[in-house]
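Coordinates in review
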Amino acid sequence: MSEIPQAVTEPEQQTDERWMHYALALADKAEQAGEIPVGAVLVKDNQVIGEGWNMSICRHDPSAHAEMLAIREAAVRVQNYRLLDTTLYVTLEPCAMCAGLLVHSRVKRLVFGAFDAKTGAAGSVTDLVRHPVLNHQLEVTSGVLADLCADKLSSFFRRRRQEHKAAKAAKQAQEPEKSGER
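Residues numbered from 1 in each chain as written. Predicted model: local features only at pLDDT ≥ 70, side-chain atom pairs only at ≥ 80, totals over all residues. Heavy atoms only, no water.

For the rest of this paragraph, the subject is unusual backbone geometry. Positive phi, close to 55°, is recorded for His-60, a residue that is not glycine. By the secondary structure assignment, His-60 is in the loop between helix H2 (56–59) and helix H3 (66–78). A residue is classified by how much of its surface remains accessible, and His-60, at 73% relative accessible area, is exposed. Of note in the backbone geometry, Leu-145 takes a positive phi value of approximately 50° without being a glycine. A relative accessible area of 19% means that Leu-145 is categorised as buried. (Helix = DSSP H or I, 4+ residues; strand = E, 2+ residues; numbered from the N terminus. Buried < 20%, exposed > 50% of the residue type's maximum accessible area, 1.4 Å probe, protein only.)

The subject of this paragraph is the packing of aromatic side chains. Applying the stated criterion to the full structure yields four aromatic pairs. Centre to centre, the rings of Phe-112 and Phe-115 are 5.2 Å apart; their planes meet at 85°, and the pair counts as edge-to-face. Connected via pairs of aromatic rings, a cluster forms that spans Trp-19, Tyr-22 and Tyr-89. (Phe/Tyr/Trp six-rings, centres within 6.5 Å; stacked < 30°, edge-to-face > 60°.)

Below, the discussion takes up the pairing of strand S1 (residues 39–44). Where burial is concerned, most of S1 is hidden: five out of the six residues are buried. Across six bridges, S1 lies against strand S2 (residues 47–53) in antiparallel orientation. When the bridges of S2 are listed, Leu-42 appears paired with Gly-50. What sits between the antiparallel neighbours S1 and S2 is a turn of two residues, in which Asp-45 has the positive phi angle 50°. For S1 and strand S3 (residues 87–92), the ladder comprises four bridges, and the chain directions are antiparallel. Across the sheet, residue Val-41 finds its bridge partner in S3, namely Tyr-89. (Pairing = 2+ DSSP bridges.)

A separate point is the nonpolar core. Grouped together as the largest cluster of nonpolar side chains are 39 residues, with contacts concentrated most on Leu-42, Leu-88, Leu-102, Leu-110 and Val-129. Of all the secondary structure elements, the ones that give two or more residues to this core are helix H1 (10–32), S1, H3, S3, helix H4 (96–104), strand S4 (109–114) and helix H5 (146–180). (Core = buried A, V, L, I, M, F, W, Y, C linked by side-chain atoms within 4.5 Å.)

Residue placement: Leu-26 occurs in helix H1. The spatial distance from the C-alpha of Leu-26 to the C-alpha of Pro-37 is 8.1 Å, given a sequence separation of 11 residues. Ignoring sequence-local partners within four residues, the contact set of Leu-26 consists of Gly-39, Ala-40, Val-41, Glu-51, Gly-52 and Trp-53. (Contact = heavy atoms within 4.5 Å.)

Our next topic: the pattern of salt bridges. When the charged atoms of two side chains with opposite charge come close together, those side chains can pair. For the structure on display, the rule yields seven salt bridges. For the salt bridge of Arg-77 with Glu-73, the shortest nitrogen-to-oxygen distance reads 3.9 Å. Here the residue Arg-77 and the residue Glu-73 both occupy positions in helix H3, the gap between them amounting to four residues, near one helical turn. Residue Glu-73 is classed as partly exposed on the basis of its relative accessible area of 32%. A network of salt bridges, in which partner residues are shared, links Glu-12, Asp-16 and Arg-109. (Salt bridge = Lys/Arg side-chain N within 4 Å of Asp/Glu carboxyl O.)

What follows deals with the sheet that holds S1. Taken in spatial order, the five strands line up as S2-S1-S3-S4-S5 in an open sheet, and their pairing is mixed. Sheet topology places S2 and strand S5 (139–142) at the edges, where each strand pairs with a single neighbour. Ignoring which end each strand starts from, the neighbouring axes of this sheet average 15° apart. Of the pairings in the sheet, the one linking S3 to S4 comprises five bridges and is parallel in character. (Axes fitted to C-alpha atoms, helices over the stretch in contact; angles between N-to-C directions.)

What follows is the structure, given as structure tokens:
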């Protein structure tokens with residue numbers, strides 16, 4: 001599916017980048033908790049109404065994605081399940097679950113950083129947020145601070161692979177000691 005380039009004004013680009021930096025700071029909180037570093041912030045009238053970062057592992061909740069937590073917080077804050085005239089900034093393209101949430105909550109605009117070639121539902125694998133059959137479509141701006149967002153994820157997974165490799169090597173190093181103890 002080819003994406004139609006959107007003209008983004010200079011002030012809008014600066015605003016998008018400022019809020020994406022905010023989302024990146026939230027992604028750092030996820031990483032500090034051992035979660036995949038994704039952060040999201042929901043903004044209305046240039047004010048934060050909800051924020052979140054991935055917490056699926058620590059909450060034992062597959063739905064505890066950054067977007068889900070930001071939307072839930074915002075809905076409680078504004079006392080409405082419809083989040084009209086809002087913009088969600090998220091460091092990674094939303095999955096189908098989160099894209100469906102954005103449609104149902106009537107978020108006006110989605111701004112994301114890194115594309116997700118495996119599960120992205122805002123243009124990469126599918127485009128749920130702009131599907132013409134659905135009763136609501138979002139405006140989408142993609143690739144905002146994409147390199148920073150993608151680097152954060154790549155670094156996290158690279159470090160995680162190294163940690164798993166080191167743990168495996170340590171376990172293998174202990175095996176001969178255990179067999180000698182019998």
